[in-house]
Amino acid sequence: MSTPTTTSVWSSLVGQRHVVDTLSRAVDGHGMTHAWLFTGPPGSGRSNAALAFAAALQCPQGGCGDCHTCQTALAGTHPDVSVTRSETAVLYIDDMRELVHRSALAPAQRRWQVMVVEDADRLGERTGNTLLKAIEEPTSKTIWLLCAPTIEDVLPTIRSRCRNVALTTPSAHEVARFLADNDGIPDGLAAFAARASQGHIGRARALARDENTRNRRREVVSLPGGLTTLGACLNAAANLLDIAKDETLAQTDRSNARELTDLDTTYGGDRQAKASRSYRAALKELTHHQTQRERRRVMDVIDRSLMDIMSVYRDAISLQVGGPGVLVNEEVRAQIVDIARRSTPEENLRRIDAIFAARDHMMEYNANREVTLEAMMVRLRIQ
Ligand SMILES: [Zn+2]
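Thresholds applied
Residues numbered from 1 in each chain as written. Predicted model: local features only at pLDDT ≥ 70, side-chain atom pairs only at ≥ 80, totals over all residues. Heavy atoms only, no water. Helix = DSSP H or I, 4+ residues; strand = E, 2+ residues; numbered from the N terminus. Buried < 20%, exposed > 50% of the residue type's maximum accessible area, 1.4 Å probe, protein only. Contact = heavy atoms within 4.5 Å. Areas by Shrake-Rupley, 256 points an atom, 1.4 Å probe, with all protein chains shown as cover. Lys, Arg positive; Asp, Glu negative; His and termini not counted. Charge placed at Lys NZ, Arg CZ, Asp CG, Glu CD. Pairing = 2+ DSSP bridges. Axes fitted to C-alpha atoms, helices over the stretch in contact; angles between N-to-C directions. Donors = N, O, S within 2.8 Å, 3.2 Å for Na, K, Ca; no water. Tetrahedral: all angles 85-135°; square planar, octahedral: opposite > 155°, others 65-115°. 1 Å grid on protein atoms, 1.4 Å probe; cavity = no way out; pocket = protein on both sides within 12 Å on 5 of 7 lines; lining within 4 Å. Points joined across faces, edges and corners; volume = space filled by probe spheres on them. Nonpolar A, V, L, I, M, F, W, Y, C, P; charged D, E, K, R; others polar. Arc of directions from axis to C-beta. Parallel < 35°, antiparallel > 145°, perpendicular 65-115°, else oblique. Left-handed = near helix turned anticlockwise from the far one by under 90°. Core = buried A, V, L, I, M, F, W, Y, C linked by side-chain atoms within 4.5 Å. Salt bridge = Lys/Arg side-chain N within 4 Å of Asp/Glu carboxyl O.

A. Up close: the overall build of the protein chain. Within the protein chain, the regular secondary structure consists of 16 helices and five strands. The principal-axis extents of the C-alpha atoms in the protein chain amount to approximately 65 × 55 × 45 Å. Buried positions account for 45% of the 383 residues belonging to the protein chain. Partitioning the contacts of the protein chain with sequence separation of at least 6, the portion at a separation of at least 24 is 72%. When the accessible area of the protein chain is evaluated, it comes to approximately 19300 Å², of which 50% is carbon and sulfur surface. Looking at charge distribution, the protein chain has the averaged site of its 47 positive side-chain charges lying 1 Å from that of its 47 negative ones.

B. Up close: the sheet that holds strand β3 (residues 113-117). Overall, parallel pairing links the five strands, which are arranged β2-β3-β4-β1-β5 in an open sheet. If you trace the sheet from one side to the other, it starts and ends with β2 (81-84) and β5 (163-166), each paired once. Going from strand to strand, the sheet's axes swing by 20 degrees on average, the running direction of each strand aside. Bridge count for strand β1 (residues 35-39) against strand β4 (residues 142-148) is five bridges, and the pairing is parallel. In the sheet register, Phe38 faces β4, and the bridge partner there is Cys147.

C. How the structure looks around the coordination of the zinc ion. The protein atoms that coordinate the zinc ion are Cys59 (SG), Cys64 (SG), Cys67 (SG) and Cys70 (SG), at distances spanning 2.3 Å. Every donor counted, the four donor atoms about the zinc ion form angles of 103 to 115 degrees at the centre, which fits tetrahedral coordination. Along the chain, the residues donating to the zinc ion are arranged with the sequence spacing C-x4-C-x2-C-x2-C. Each member of the pair, Cys59 as well as Cys64, carries the same accessibility label: buried.

D. Spatial organisation of empty space enclosed by the protein. Enumeration according to the criterion identifies one cavity of 30 Å³ or more in this entry. A volume near 40 Å³ is recorded for the largest cavity. Lining the largest cavity are Arg203, Arg216, Arg217, Val220, Ile243, Glu247, Val301, Arg304, Ser305 and Asp308. Of all the elements in the fold, those that place two or more residues in the lining of the largest cavity are α10 (211-222), α11 (230-266) and α13 (277-320). Per-element accounting of the lining of the largest cavity gives the leading share, four residues, to α13. For the lining of the largest cavity, the per-class residue count stands at three nonpolar, one polar and six charged.

E. Inspection of the environment of Leu155 at higher detail. Relative to the helices and strands, Leu155 is located in the loop between β4 and α6 (156-159). Setting aside its immediate chain neighbours within four residues, Leu155 contacts Leu123, Gly124, Glu125 and Gly128.

F. Expanded view of helix α4 (residues 93-103). Within the sequence span of α4, burial applies to Ile93, Met96, Leu99, Val100 and Ser103. The buried side chains of α4 occupy one side of the element, clustering within an arc of 120 degrees when seen end-on. Seen from the buried face of α4, the exposed residues on the opposite side, beyond 90 degrees, are Asp94 and His101.

G. Focus on the packing of α13 against helix α15 (residues 345-365). The N-to-C vectors of α13 and α15 enclose an angle of 170 degrees; their axes lie 9 Å apart at closest approach. When the interaxial angle is binned, α13 and α15 end up roughly antiparallel. Taking contact as the criterion, the partners of Met299, Ile302, Asp303, Leu306, Met307, Ile309, Met310, Tyr313, Arg314, Ala316, Ile317 and Gln320 in α13 are, on α15, Pro345, Asn348, Leu349, Arg351, Ile352, Ile355, Phe356, Arg359, Met362 and Met363. The residue makeup of the contact of α13 with α15, split by class, is 16 nonpolar, two polar and four charged.

H. Highlighting the packing of helix α7 (residues 172-183) against helix α8 (residues 187-197). Between α7 and α8, whose axes approach to 8 Å, the crossing angle comes to 135 degrees. When the interaxial angle is binned, α7 and α8 end up oblique. As α7 runs across α8, the sense of the crossing is right-handed. Here Ala172, Val175, Ala176, Leu179 and Ala180 of α7 lie close against α8, whose contacting residues are Asp187, Ala190, Ala191, Ala193, Ala194 and Arg195. Along the lines of polarity and charge, the residues of the contact of α7 with α8 split into nine nonpolar, no polar and two charged.

I. Main features of the nonpolar core. Counting 37 residues, the largest nonpolar core has Ile302, Ile309, Leu373, Met377 and Leu380 as the members making the most contacts within it. Every element with two or more residues in this core is listed here: α10, α11, α13, α14 (333-341), α15 and α16 (369-380). When sequence neighbours within four positions are dropped, the list of residues in contact with Ile302 reads Leu241, Ala244, Met362, Arg369 and Leu373.

J. Representation of the pattern of salt bridges in the model. Taken as a whole, this structure holds 19 salt bridges when the rule is applied. We note a salt bridge from Asp308 to Arg203, for which the minimum N-O separation is 3.4 Å. Here Asp308 is found in helix α13, whereas its partner Arg203 is found in helix α9 (residues 201-209), with 105 residues between them in sequence. Both residues of the pair, Asp308 and Arg203, belong to the buried class. For the salt bridge of Arg359 with Asp303, the shortest nitrogen-to-oxygen distance reads 2.3 Å. One end of the pair, Arg359, is in helix α15; the other, Asp303, is in helix α13, and 56 residues separate them in sequence. We note that Arg359, like Asp303, is buried.

Treat this as a map of the structure, not an account of what it does.
And the structure:
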């Protein structure tokens, strides 16, 4: 692994120079305010930016990246940096009340009480109102850092009180250079991962580092080329779900096991303790939480897979209209050439619409995934 020449809390923000300028000026006291809203597409690093800002605000040197303060703030373990991550589709009002309560406490150290809320788009009306009061009348030491995909995703009452920091999707070139410089990834692999991730840093890193992740992506982008019969469409829907579940399991198995061990340890772990009513209640709650989290993660993976499939049709359109050279999915070029030959650009645009519609049905209206994906695959069929 190569070491970057200058480290600072900002070095993990890829292609966001304007954001780094704004935030470092604020750390120096220019344009500082008590509520910030970090927006940007998935993977652009909005929560990394919020954490980097938190670290810079707490660090005596304004965000050196090396000291204990920076390291703990970036890891979310600094006593005066609270990070709220939602594992479910909504943020709960009790959690928000507790957060608001904590925000009013004096910082344990001398600087700021920084409250990071990673999924401010998951705030409902009531939960949002709980937060609103704290944002309207913060203590002089409290800083709120909210994150969401876009400004429109956040309740108007809240967003109007925040200063917006908009992250943009980094270019493939910027992502590739980051992977090579920061993670020591060989150039060719870095270029592939940057292209295939479409500017999603976390995804690019996973693709660069993990062969299984690369194989799963390859399976996904190979699906459109095989959609020639009704049976193939239904199979593809089932495969997509399986791939999403595999990928989710790879992430959740370890944390589920750890949480169960923690619970057992808390209760002493013997048979008598495990038979107690309170243990069983706690176990039930943990299981419910894990199921919710798994559901959300599967949806996140499906969502990303749909973006990958969409990129196949974009590639096909780009071939059809004679767009410039490199495809996002260079590794399945032959299949894309075939799709391009057997369809019109209009048909491929309609396919992209069908993918967006399926995504909305599942994300906004909680539609049955299997049925929705089957219907979508049928609309992607090559005649
Ligand atoms: Zn530092």
